[in-house]
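Structural overview
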Amino acid sequence: MVVDEPAGEERLAAVLERPRAVVAAALRELSAEYTAQGRGFDLRLVAGGWRMYSRDTCATAVDRFLLDGQQARLTQAALETLAVVAYRQPVSRSRVSAVRGVNCDGVMRTLVQRGLVEEAGSEPETGAILYRTTNYFLERMGLRGLDELPELAPFLPEVDDVEAESLEGTMIAEAVAAAAVQAADGSGEAGRAAPDR
């Protein structure tokens, strides 16, 4: 119950300080016992190790419990920040803040916490941490790769209408966010963040 991946018999035997054969037999016995008793959970041997699963008959209730309220929508600030990272990656927080025109430290922490953005090394000149989107971001957006992000050009204002100093400000951030929303709308996941992994 406390591991992210199946636990191998050798590892469990080492932790319990028991012979592998004894541990393997006990695991098989527990698995059969849980099945015979009709427990709501199951102990299965998968991918070379043992792992606890909810029983198929209980899956609907477990899903409802875990997912209820977890499909939190991203705020406009989070969408804008995520879009800037997606189009400018790898990018530092200060650069994202410059593009958006506001501090994005808290929003960036939220995106990292939700698994949509991750650290990608540091900037050689300043030592600032760089960020990029994750494979989880691509999965949630319904994209195979970053090359499938929509073009920004249709969302950008005409150059004549924008002063040079505002090119790094809110108009670009809004265009980037609009493009991200368009990409999300195409996958049916507009503005949603998935439940915790």
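In what follows, the structure referred to is the one given above.
Only a predicted model underlies this, so the values are computations on that prediction, with no experimental measurement involved.

Here is what the cut-offs are and how they apply
Residues numbered from 1 in each chain as written. Predicted model: local features only at pLDDT ≥ 70, side-chain atom pairs only at ≥ 80, totals over all residues. Heavy atoms only, no water. Helix = DSSP H or I, 4+ residues; strand = E, 2+ residues; numbered from the N terminus. Contact = heavy atoms within 4.5 Å. Pairing = 2+ DSSP bridges. Axes fitted to C-alpha atoms, helices over the stretch in contact; angles between N-to-C directions. Phe/Tyr/Trp six-rings, centres within 6.5 Å; stacked < 30°, edge-to-face > 60°. Buried < 20%, exposed > 50% of the residue type's maximum accessible area, 1.4 Å probe, protein only. Lys NZ or Arg CZ within 6 Å of the ring centre and 35° of its normal. Salt bridge = Lys/Arg side-chain N within 4 Å of Asp/Glu carboxyl O.

1. Description of the overall build of the protein chain
If you tally the helices and strands in the protein chain, you get 8 helices and 5 strands. Counting only contacts in the protein chain whose residues sit at least 6 apart along the sequence, the fraction spanning at least 24 positions is 49%.

2. Focus: the sheet that holds strand 3 (residues 91-92)
Ordered in space as 3-5-4, the 3 strands form an open sheet in which the pairing is antiparallel. Across the chains shown, the open sheet's two edge strands, defined by having one partner strand only, are strand 3 and strand 4 (117-122). By the bridge criterion, 4 bridges tie strand 4 to strand 5 (residues 129-133) in an arrangement that is antiparallel. Bridge pairing in strand 5 places E118 opposite R132. Contacting strand 3, strand 4 and strand 5, helix 4 (residues 76-88) crosses the sheet at an angle of about 95° to strand 5.

3. Quick word on unusual backbone geometry
Residue P90 is bonded to the preceding Q89 through a cis peptide linkage, with omega at -10°. Along the chain, P90 falls in the loop between helix 4 and strand 3.

4. Regarding the packing of aromatic side chains
Within a pair of aromatic rings, the relevant descriptors are the distance that separates the centres and the angle that separates the planes. Here the structure, examined in full by the defined rule, presents 1 aromatic pair. A ring pair is formed by Y34 and F41, whose centres lie 4.8 Å apart and whose planes are at 70°; its orientation type is edge-to-face. Classification of Y34 as buried rests on a relative accessible area of 14%. Take F41: its relative accessible area is 29%, and that puts it in the partly exposed class. Of note, R44 hangs over the ring of Y53, and the distance from its end group to the ring centre comes to 4.5 Å.

5. Description of the pattern of salt bridges
What the rule picks out here adds up to 9 salt bridges. Here E118 ties to R132 by a salt bridge, and the two come within 2.8 Å at their closest N and O atoms. You can see E118 sitting in strand 4 and its partner R132 sitting in strand 5, a full 14 residues away along the chain. Looking at E118, the relative accessible area reads 30%, which means it is partly exposed. We classify R132 as partly exposed; its relative accessible area is 36%. Among the charged side chains, a network of salt bridges with common partners joins D42, R44, R55 and D56.

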